[in-house]
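If you want the building blocks of each chain, they are given just below.
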Amino acid sequence: MQLTGTPFLIITIVLVPVSVAAALLLWGRVRGPRPVRLLGRLAMLVLCQATAVTLVFVLVNNANLIYGTWGDLIGTGGHVRAVPAVPAGGPGHDAAEPKVLQQFRKVDDPMVPGDVRRTDLKGRVSGVDGEVLVWTPPQYDDPAYRDRSFPVVELVPGFPGSSSTWYGTLKVTRQLEPLMREGKVAPFILVSPRTLLLGRSTDTGCADVPGRVNADTWLSRDVPQMVLDNFRADPSPARWAVAGYSAGGHCAALLAVAHPDRYRAGISLSGYNDPAAEPDSLTAKDPHLRETADPLHVLRNAAEPPRTALFVSGNRGDGYESGMALRQAAKPPTTVTVVETSGPHAVDVWKPLLPQAFIWLTGIIPAER
């Protein structure tokens, strides 16, 4: 039974009144010595509390899609098959390798729109295995566009976070589809890969960490290669971008400045520069990794300023200062747009920003070349 599915939600809803009714019915019927009666009644109260807490957790989790599977919640999901040495290069079909052709199916989650498709990808270069969710724009199946290739945006969730969050909680496709039809937003293919790779207590920081995980390679090579092999995606790095919120915002800024040969732009919503801002960050635990996984450090120490555009939003004390530091460090052709927001570190702040951010992105990566 799926963690975010309707059947489990119904069960948790039903269990609350059932546990209360059972406690009321059995309260006076407990027999035995006084300690036994006390323990029996205490167990009834604990059961009522447990069913209520479980229902609240399920409602909050379904609304925010923090944990997408039981494995994510319990921490038993294994998504790192191997940690091979990563050869130089980037996405782009190698004639010596077969194409990464995948089977796609609908997402079994009532929060996710029915036109989002899912595939389970075995990362050829990274050694990472995980689901990838893909949505194609309304123009994709229009006969008038049958010979057209489309720009792509990778969507990175926060930590912990599910590959479904962008579609289910932030409602990115519901917000952007009408804007794409109106021509205000370019017809981007939207791709959301799994980023919770080492369990619910370890954030990879979207970095390659020797001996632990090739998260960067998974996101910046294996996932793009799969998209190129299965969809009419534009292969030019000038037509690719990456977006994220919270820890995913950190990832988006890092990937964009570290790989200008793979991404033209990055959108960071309430992200941060220093990996140590996330207490469970794997990269923050090693001084060298903490430095090399900081987009500000990458930008300052690049051999040449990357041809990258960043859109960074955040409150004061929650991403705004990181954006301003990036803007101060940026030198042409790097550009950084900073938007100050107000409100909590939450979806209610990020969701309304998506039209603005993607209209900005359309100015960087227009509908047509």
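Described in the following lines is the structure provided in the data block.

A few points about the sheet that holds strand β9 (residues 265-269)
Logical step 1: Spatial strand order, β1-β2-β3-β5-β4-β8-β9-β10-β11: nine strands in an open sheet with mixed pairing. The open sheet has two edge strands, β1 (105-106) and β11 (335-340), and neither has a second partner.
Logical step 2: In the sheet, strand β8 (residues 240-245) pairs with β9 via five bridges, with the strands oriented parallel. Note on β9: the bridge partner recorded for Y245 is L269.
Logical step 3: Lying on the sheet, helix α7 (residues 247-258) is in contact with β4 (152-156), β8, β9 and β10 (309-314); it crosses β8 at an angle near 155°.
Logical step 4: Of the strands in this sheet, β4, β5 (189-193), β8, β9, β10 and β11 touch helix α12 (residues 354-364), which is tilted by about 165° from β9.

Some remarks on a nonpolar patch on the surface
Logical step 1: A contiguous nonpolar patch, built from W27, L39, L42, L45 and V46 and spanning about 500 Å² of accessible area, is present on the exposed surface.
Logical step 2: Residue position: V46 is located in helix α2 (residues 34-64).

Quick notes on the packing of aromatic side chains
Logical step 1: Scanning the entire structure with this criterion turns up eight aromatic pairs.
Logical step 2: Ring centres of Y140 and F231 lie 6.3 Å apart, and the angle between their planes is 65°; this geometry places the pair in the edge-to-face category. Here Y140, found in the loop between β3 (129-135) and β4, pairs with F231, found in the loop between α6 (215-230) and β8; they are 91 residues apart in sequence, far enough to count as distant. Take Y140 and F231: they sit in the same class, and that class is buried.
Logical step 3: When the centroid spacing of 5.5 Å and the interplanar angle of 50° are considered together, the rings of F311 and W360 count as tilted. With a gap of 49 residues between them, F311 in strand β10 and W360 in helix α12 connect regions that are remote in the sequence.
Logical step 4: By relative accessible area, which is 2% here, F311 ends up buried.

Considerations on empty space enclosed by the protein
Logical step 1: For the coordinates displayed, the defined rule picks out one cavity of 30 Å³ or more.
Logical step 2: Of the volumes computed, that of the largest cavity is approximately 80 Å³.
Logical step 3: Considering the residues around the largest cavity, the lining is formed by 13 residues, among which P157, G158, F159, T195 and D203 are closest to the centre.
Logical step 4: In terms of residue count, α7 provides more of the lining of the largest cavity than any other element does, three residues in total.
Logical step 5: When the residues that make up the lining of the largest cavity are grouped by side-chain class, the tally is seven nonpolar, five polar and one charged.

A word on the nonpolar core
Logical step 1: In terms of nonpolar packing, the biggest core is built from 48 residues, with V132, I189, V191, W218 and V227 touching the most fellow members.
Logical step 2: Ranked by the residues each element gives to this core, the list is headed by α6, at seven residues.
Logical step 3: Among the nonpolar cores identified, the runner-up in size contains 37 residues, and V185, A186, F311 and L361 belong to it.

Let's talk about the pairing of β5
Logical step 1: In terms of burial, β5 is a largely internal element, five of the five residues being buried.
Logical step 2: Neither face of β5 is left uncovered, since the one carrying I189, V191 and P193 and the one carrying L190 and S192 both have all their residues buried.
Logical step 3: Direction of pairing for β3 relative to β5: antiparallel, over a ladder of four bridges. Residue pairing in the sheet places V134 in a bridge with V191 of β5.

Some remarks on unusual backbone geometry
Logical step 1: Here F159 and P160 are connected by a cis peptide whose omega angle stands at -15°.
Logical step 2: With respect to the secondary-structure elements, P160 resides in the loop between β4 and α4 (165-168).
Logical step 3: That bond from P332 to P333 is cis: its omega, 10°, falls within 30 degrees of zero.
Logical step 4: Positive phi, normally seen in glycine, also occurs at S246, with a value near 55°.
Logical step 5: Look at S246 and you get buried, because its relative accessible area is 14%.
Logical step 6: Its identity as a non-glycine residue notwithstanding, S270 has a phi of 55°, on the positive side.
Logical step 7: Following the sequence through the fold, S270 ends up in the loop between β9 and α8 (287-292).
Logical step 8: Taking the relative accessible area as the measure of exposure, S270 reaches 2% and is therefore buried.

Cut-offs used in this document
- Residues numbered from 1 in each chain as written.
- Predicted model: local features only at pLDDT ≥ 70, side-chain atom pairs only at ≥ 80, totals over all residues.
- Heavy atoms only, no water.
- Pairing = 2+ DSSP bridges.
- Helix = DSSP H or I, 4+ residues; strand = E, 2+ residues; numbered from the N terminus.
- Contact = heavy atoms within 4.5 Å.
- Axes fitted to C-alpha atoms, helices over the stretch in contact; angles between N-to-C directions.
- Patch = residues over 30% accessible without salt bridge, like charges linked within 9 Å, V, L, I, M, F, W, Y side chains within 5 Å.
- Areas by Shrake-Rupley, 256 points an atom, 1.4 Å probe, with all protein chains shown as cover.
- Salt bridge = Lys/Arg side-chain N within 4 Å of Asp/Glu carboxyl O.
- Phe/Tyr/Trp six-rings, centres within 6.5 Å; stacked < 30°, edge-to-face > 60°.
- Buried < 20%, exposed > 50% of the residue type's maximum accessible area, 1.4 Å probe, protein only.
- 1 Å grid on protein atoms, 1.4 Å probe; cavity = no way out; pocket = protein on both sides within 12 Å on 5 of 7 lines; lining within 4 Å.
- Points joined across faces, edges and corners; volume = space filled by probe spheres on them.
- Nonpolar A, V, L, I, M, F, W, Y, C, P; charged D, E, K, R; others polar.
- Core = buried A, V, L, I, M, F, W, Y, C linked by side-chain atoms within 4.5 Å.

Nothing here speaks to function; it is geometry throughout.
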